[in-house]
Amino acid sequence: MCRNIKTLFNFDPPATDEEIRDAALQFVRKLSGSNKPSKRNEDAFNLAVQRIAAVAKELLVSLETNQPPRDREDEAMKARARSAQRFARQPEIVSE
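This is a predicted model, so every value here is computed, not measured.

A. Summary view of helix α2 (residues 42-62). For α2, spanning 21 residues, the distance from its first C-alpha to its last is 30 Å, which sits close to the expected 30 Å at 1.5 Å a residue. All of the buried residues along α2 are Phe 45, Val 49 and Ala 53. Along the axis of α2, the buried positions cluster into a sector of 70°, meaning they face one direction only. α2 presents Asp 43, Ala 44, Gln 50, Arg 51, Val 55, Glu 58 and Val 61 as exposed residues on the side facing more than 90 degrees away from its buried surface. Close packing links the buried residues of α2 with α1 (17-32).

B. The pattern of salt bridges, seen in detail. With the rule as written, the count across this model stands at five salt bridges. One salt bridge in this structure joins Lys 57 and Asp 17, with 2.7 Å as the shortest N-O distance. With Lys 57 in helix α2 and Asp 17 in helix α1, the pair connects residues that are 40 residues apart, well separated along the chain. The salt bridge partner of Glu 73 is Arg 80, with a shortest N-O separation of 3.3 Å. For Glu 73, a relative accessible area of 47% puts it in the partly exposed group.

C. Broad picture of the nonpolar core. Ranked by size, the top nonpolar core spans 10 residues in total: Leu 8, Ala 15, Ile 20, Ala 23, Ala 24, Leu 25, Val 28, Phe 45, Val 49 and Ala 53. Looking at which element gives the most residues to this core, the answer is α1, with five residues. Beyond its immediate chain neighbours, meaning those up to four positions away, Ala 53 contacts Ile 20, Arg 21 and Ala 24.

How each quantity is defined
Residues numbered from 1 in each chain as written. Predicted model: local features only at pLDDT ≥ 70, side-chain atom pairs only at ≥ 80, totals over all residues. Heavy atoms only, no water. Helix = DSSP H or I, 4+ residues; strand = E, 2+ residues; numbered from the N terminus. Expected span 1.5 Å × (residues − 1). Buried < 20%, exposed > 50% of the residue type's maximum accessible area, 1.4 Å probe, protein only. Arc of directions from axis to C-beta. Contact = heavy atoms within 4.5 Å. Salt bridge = Lys/Arg side-chain N within 4 Å of Asp/Glu carboxyl O. Core = buried A, V, L, I, M, F, W, Y, C linked by side-chain atoms within 4.5 Å.

Function-wise, these values are silent; they only describe arrangement.
Here's what the structure looks like:
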């Protein structure tokens, strides 16, 4: 799936409409295979983003959990740590 789509459920504060729309946009981009639609497909593209955002918001509002809400800053720090480890420069092997 698309790596740019972030988990939006169970955060404090809750996901904003803009975050939900951004996730919907990434999903439609992935499905359509285009970053920016042609003029001919622009209306269909935008309608899909709008509808998916609405359904995603409905989903987020209806989900339930017993887990305490996650802190956005803590999750961002964890993601940065994972990224740093993943993309850490590997030591060069020197042959003699």
